[in-house]
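# Close look at the chain arrangement
If you want the building blocks of each chain, they are given just below.
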Amino acid sequence: MRHTFYLLIVLIFLSSCGETESPQKDKKPLNIVYIMADDLAYQAISAYGSEISKLAPTPNIDRIANEGARMDAVYCTNSICGPSRASILTGKFSHVNGFYKNVDGGDFDGEQLTFPKVFQENGYQTAVIGKWHLGTTPTGFDYSKVLINWGGQGTYFKPQFCVNGTDTIQEYKRHSTKVIEDDCIDWLESRDKDMPFMLLYQFKAPHRDWRPDSIYHDLFTDFDFPLPDSFNDDYEGRLAASENMMEIENHLNRRDMKQEPPHALPTRKDSMKWYAYGDRGQFWTPNDSLQGEELKYWKYQTYIKDYLRCVAGVDRAIGTLLDYLEENGLAENTLVVYTSDQGFYLGEHGWFDKRWMYEESFKMPFVIKCPGIIEPGTTSDQMIMNVDFAPTLIDFAGLDVPGEMQGTSFKGVFTEEEVPNREAVYYHYYEWPIWHKVQPHYGIRTDKYKLMHFYYSMDEWELYDIESDPQEMHNIYNEAPEELILDLKQKLEHIRMDYKDDYSINEMKVMTDTVIKRVYNEPNKVNK
Ligand code: CA
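As a starting point, this report considers the structure included with it.

To continue, consider the overall build of the protein chain. A tally of helices and strands in the protein chain yields 16 helices and 17 strands. Per-residue burial over the protein chain gives 59% buried out of 528 residues. Side-chain charges of the protein chain comprise 54 positive and 84 negative groups, with the mean position of each set lying 7 Å from the other.

Next up on the list: the side chain of Lys92. Within the secondary structure, Lys92 is located in the loop between helix 4 (81-90) and helix 5 (94-97). Given a relative accessible area of 8%, Lys92 falls into the buried group.

On to the coordination of the calcium ion, then. Note on the calcium ion: its protein donors are Asp38 (OD), Asp39 (OD), Cys81 (SG), Asp341 (OD), Asp341 (OD) and Gln342 (OE1). The metal-donor distances range over 2.2 to 2.7 Å. One way to put it: the six donor atoms around the calcium ion meet at angles of 52 to 160°, and that makes the site irregular. All donors of the calcium ion belong to a single chain; written as a sequence motif, their spacing is D-D-x41-C-x259-D-Q. Within this pair, whereas Cys81 is found in helix 4, its partner Asp341 is found in the loop between strand 9 (334-340) and helix 12 (359-362), the two being separated by 260 residues in sequence. Residue Cys81 shares its accessibility class with Asp341, and that shared class is buried.

What follows is about the pairing of strand 8 (residues 197-202). Residues in a regular strand point their side chains to alternate faces of the sheet. Of all the six residues making up strand 8, six are buried; the element is thus mostly covered by neighbouring parts of the structure. The sheet contact formed by strand 1 (residues 31-37) and strand 8 spans five bridges and is parallel. Paired with Tyr34 across the two strands is Leu200, which belongs to strand 8.

This part is about the pairing of strand 1. A large share of strand 1 lies buried, amounting to seven of its seven residues. Covered by surrounding structure in strand 1 are Asn31, Val33, Ile35 and Ala37 together with Ile32, Tyr34 and Met36, the residues of both alternating faces.

The subject of this paragraph is the pattern of salt bridges. Evaluation of the coordinates by the stated rule reveals 36 salt bridges. Between Asp38 and Arg85 there is a salt bridge; the shortest N-O distance is 3.3 Å. Linking Asp38 in the loop between strand 1 and helix 2 (51-55) with Arg85 in helix 4, this pair joins segments that are 47 residues apart in sequence. Each member of the pair Asp38 and Arg85 is classed as buried. Asp279 is paired through a salt bridge with Arg208; the nearest N and O atoms lie 3.1 Å apart.

This part takes up the environment of Thr378. Following the sequence through the fold, Thr378 ends up in strand 11 (residues 378-380). C-alpha of Thr378 to C-alpha of Gly68: the two residues are 310 residues apart in sequence and 6.1 Å apart in space. Setting aside its immediate chain neighbours within four residues, Thr378 contacts Gly68, Ala69, Arg70 and Phe414.

About the criteria used
Residues numbered from 1 in each chain as written. Predicted model: local features only at pLDDT ≥ 70, side-chain atom pairs only at ≥ 80, totals over all residues. Heavy atoms only, no water. Helix = DSSP H or I, 4+ residues; strand = E, 2+ residues; numbered from the N terminus. Buried < 20%, exposed > 50% of the residue type's maximum accessible area, 1.4 Å probe, protein only. Lys, Arg positive; Asp, Glu negative; His and termini not counted. Charge placed at Lys NZ, Arg CZ, Asp CG, Glu CD. Donors = N, O, S within 2.8 Å, 3.2 Å for Na, K, Ca; no water. Tetrahedral: all angles 85-135°; square planar, octahedral: opposite > 155°, others 65-115°. Pairing = 2+ DSSP bridges. Salt bridge = Lys/Arg side-chain N within 4 Å of Asp/Glu carboxyl O. Contact = heavy atoms within 4.5 Å.

Next comes the structure, spelled out in structure tokens:
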């Protein structure tokens, strides 16, 4: 009895100490919702003001920008799905976190430090729902439900998910975007409401092969989208670009264009081959009367309309989440980010896909709201990289940013505290030659110039004055003043040393050539 009494006194003392010492006494902890689509270009988001987005607006993504900030100079450090995701999670460049290729680059090492782990260790409930695409089971989450079929890409229809690394669930009815949308709301409803939460809400859409929910099939049927200015680029002065295999005219396959075989094919292999026809530049047309410029135009319209129909689904699902936060009194103390794992070509340079350091695939859309800290309607051209996301989210929550993260918090952009002081952002892409024959390259971008080095089976430099040539059509490397080239090369070398990416060309080629097979979480049990 006496012991119980003393214990009670000690507990009262401790709890009153906790109260007086806590600076957050009257403040609810900040929840985090990190929303990421796959391959959703900034050109497709109406907050960024492009011509096509005026015809296909994204009111819910715009809500985040309007209630918070639109960031105009956010760049990925390796423009491809898995590597960008690994950099975002770890706050480290590809060569440091070890996940630098999608194909033959192995699986993500989930043992390493990631920002969800920091939140989890600091009393947050953490969850990831949707696309993961890093092979290994997600770590640092109290709950995970991630796409696993089609090599971890997931599919738009009949997607398979793995729950908490153990149970496989096959979805038969709902489109993948709808499943992810519903699952997030279910998780928010079922969470422990006394704890802060951190949710990663990640869509498969609008990744290739751009299959929208049937409810969007009637969108954009009564008009066509304008062609981008650089649609008929001839790649003059850009050797690497001229060797690409991602042209709308020549490399979209029958599956991309939603074609069906005229008769049943004997085996699955035959069927796969039929649908993939076109990938390697093989000529095909849906009917013989459609040829040349008209065929290219038809492919573009088919592509862009399906892509934007997938975007419409993502935008709706984001609206559902924002409504939920508002209706449940969570909007005021929840930070919401919307981004994409990289940018994408919507016909610029005649392309689909990503990978290049050219602006459309290098630049990431990034909108963020955080009531009380970010003034509504803010825009910023602070140069940011995807390795900055982890430190920024941790900083917003008032937690300590681990010293090993290479990125820097940019919270100061909104609070007038310190911001990353950088003259340039850095890029390095490694994969070759599949899928689209993009030469491995690295480079820097300052606020005015972009210098790139294609080094794998060529030794080509490219330099752009982005201010006067924002579409990067004119490589001025051979005509620019020598001092400018020297200055930019010096900056590039410094940044490579700072980020510990100062490997020799031969060592980098070995990284590209090294094959590490991935071991996906294949389905182990299907619940019908
Ligand atoms: Ca992607």
